[in-house]
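Examining the three-dimensional arrangement
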Amino acid sequence: MRNQTDFFTSVFQVVKLIPRGRVTSYGAIAAYLGAKKSSRVVGYAMNASHAIPAHRVVNRLGCLTGKMHFSNPEEMERLLQLEGIVVKEDCVVNFKQLFWDPSVELEL
DNA sequence: GTCTTGACGTTTA
DNA sequence: CTAAACGCCAAGA
């Protein structure tokens, strides 16, 4: 019934709330949902959904691990660059500064 | 219906 | 220090 128990739906909601020029990690989203161990499912949700700024979601290292899943690997990196995010060798520079933690920004 | 894989992260050896 | 295993959930074969 697509309740909040749906991990995917919850992930989509959070990802959509990511402000422009910011990035977050799979683990952060999972942790916000109360399932930090289910970070893999978060990433899977990205691939399952195509209507969310997945380019703003990276692994905890700030690396564009999922860029290869885009139409073109350079697409994800380009989108981040367009938002003012600097990407170096598939990794976000100043990731710690650009990091958008839903648990903090949304003040759970 | 069962097994394997997957855009991760943490813990243990 | 590095390497490997576990946990979580869903989808594809």
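Just above sits the structure.
Okay, so let's go over this structure. A quick note: this is a predicted structure, and the numbers were derived from the prediction, not measured.

Basis of the calculations
For every chain, the first residue of the written sequence is number 1, and numbering continues from 1 along that sequence. Labels are handed out in written order, letters beginning with A for the chains and numbers beginning with 1 for the ligands. Totals for whole chains, interfaces and linings use all residues, but because this is a predicted model, local features are given only for residues with pLDDT of at least 70 and pairs of side-chain atoms are given and counted only at 80 or more. To obtain the side-chain values, all non-hydrogen atoms of the structure were used and water was disregarded. The axes are straight lines fitted to the C-alpha atoms, using for helices just the contacting stretch, and the angles between their N-to-C directions are given from 0 to 180°. What counts as a helix is a DSSP run of H or I of at least four residues, what counts as a strand is a run of E of at least two, and both are numbered from the N terminus. Here is the rule for angles: anything less than 35 degrees is roughly parallel, anything more than 145 is roughly antiparallel, 65 through 115 is roughly perpendicular, and the remaining ranges are oblique. We call a crossing left-handed when the near helix sits turned anticlockwise from the far one by less than a right angle, and right-handed when that turn is clockwise. Residues count as neighbours in contact if any of their non-hydrogen atoms are within 4.5 Å of one another. Residues are grouped as follows: Ala, Val, Leu, Ile, Met, Phe, Trp, Tyr, Cys and Pro are nonpolar; Asp, Glu, Lys and Arg are charged; every other residue, Gly included, is polar. Burial classes: relative accessible area under 20% of the type maximum marks a residue as buried, over 50% as exposed, and values in between as partly exposed (1.4 Å probe, protein chains only). Here, the arc refers to the directions that run from the helix axis to the C-beta atoms. Only a single heavy atom is needed: when it lies within 4 Å of a molecule or strand, its residue is near that molecule or strand. Under this definition, polar contacts are N or O atom pairs within 3.5 Å; protein pairs additionally need one hydrogen-donor-capable and one acceptor-capable atom, and for neighbouring residues in sequence, both atoms have to be side-chain atoms.

Overview of the packing of helix α2 (residues 26–33) against helix α3 (residues 39–48)
Their axes nearest at 8 Å, the elements α2 and α3 cross at an angle of 110°. In this view, α2 runs roughly perpendicular relative to α3, as classed from their interaxial angle. When you trace α2 past α3, the crossing you get is right-handed. The residues of α3 that touch α2, namely those facing Tyr 26, Gly 27, Ile 29 and Ala 30, are Ser 39, Val 42, Gly 43 and Met 46. Broken down by class, the residue content of the contact of α2 with α3 amounts to five nonpolar, three polar and no charged.

Comments concerning helix α1 (residues 7–16)
Within the span of α1, buried status applies to Ser 10, Val 11, Phe 12, Val 14 and Val 15. Those residues of α1 hidden inside the fold are in contact with α2, α3, β2 (57–58) and α6 (102–105).

A closer look at the environment of Ala 51
With respect to the helices, strands and loops of the structure, Ala 51 is situated in the loop between α3 and β2. Spatially, the C-alpha atom of Ala 51 lies 8.8 Å from that of Lys 16, the residues being 35 residues apart in sequence.

Considerations on the environment of Phe 70
Take Phe 70: it is sitting in the loop between β2 and α4 (73–82). Given a relative accessible area of 22%, Phe 70 falls into the partly exposed group. Taking the C-alpha atoms as reference points, Phe 70 and His 55, separated by 15 residues in sequence, lie 8.8 Å from one another. Discounting residues that sit within four places of it in the chain, Phe 70 has contacts with Ala 54, His 55, Glu 75, Met 76 and Leu 79.

Considerations on α3
Among the residues of α3, Val 42, Ala 45 and Met 46 are the ones counted as buried. Along α3, the residues classed as buried sweep out an arc of 105° about the axis, all on the same side. Exposed and oriented more than 90 degrees from the buried face of α3 are Arg 40, Tyr 44 and Asn 47. Residues of α3 that are buried in the fold lie against α1, α2 and β2.

Topic: the protein's contact with DNA strand C
All residues in the neighbourhood of DNA strand C are listed as Phe 8, Lys 37, Ser 38, Arg 40, Val 41 and Tyr 44. Backbone sugar and phosphate groups make up 61% of those atoms of DNA strand C lying within 4 Å of the protein. A distance of 3.2 Å is found between a base nitrogen of DNA strand C and a backbone nitrogen or oxygen belonging to Lys 37. Between DNA strand C and Ser 38 there is a distance of 3.4 Å, counted from a sugar or linking oxygen to a side-chain nitrogen or oxygen. Here the surface near DNA strand C is built from residues that sort into three nonpolar, one polar and two charged.

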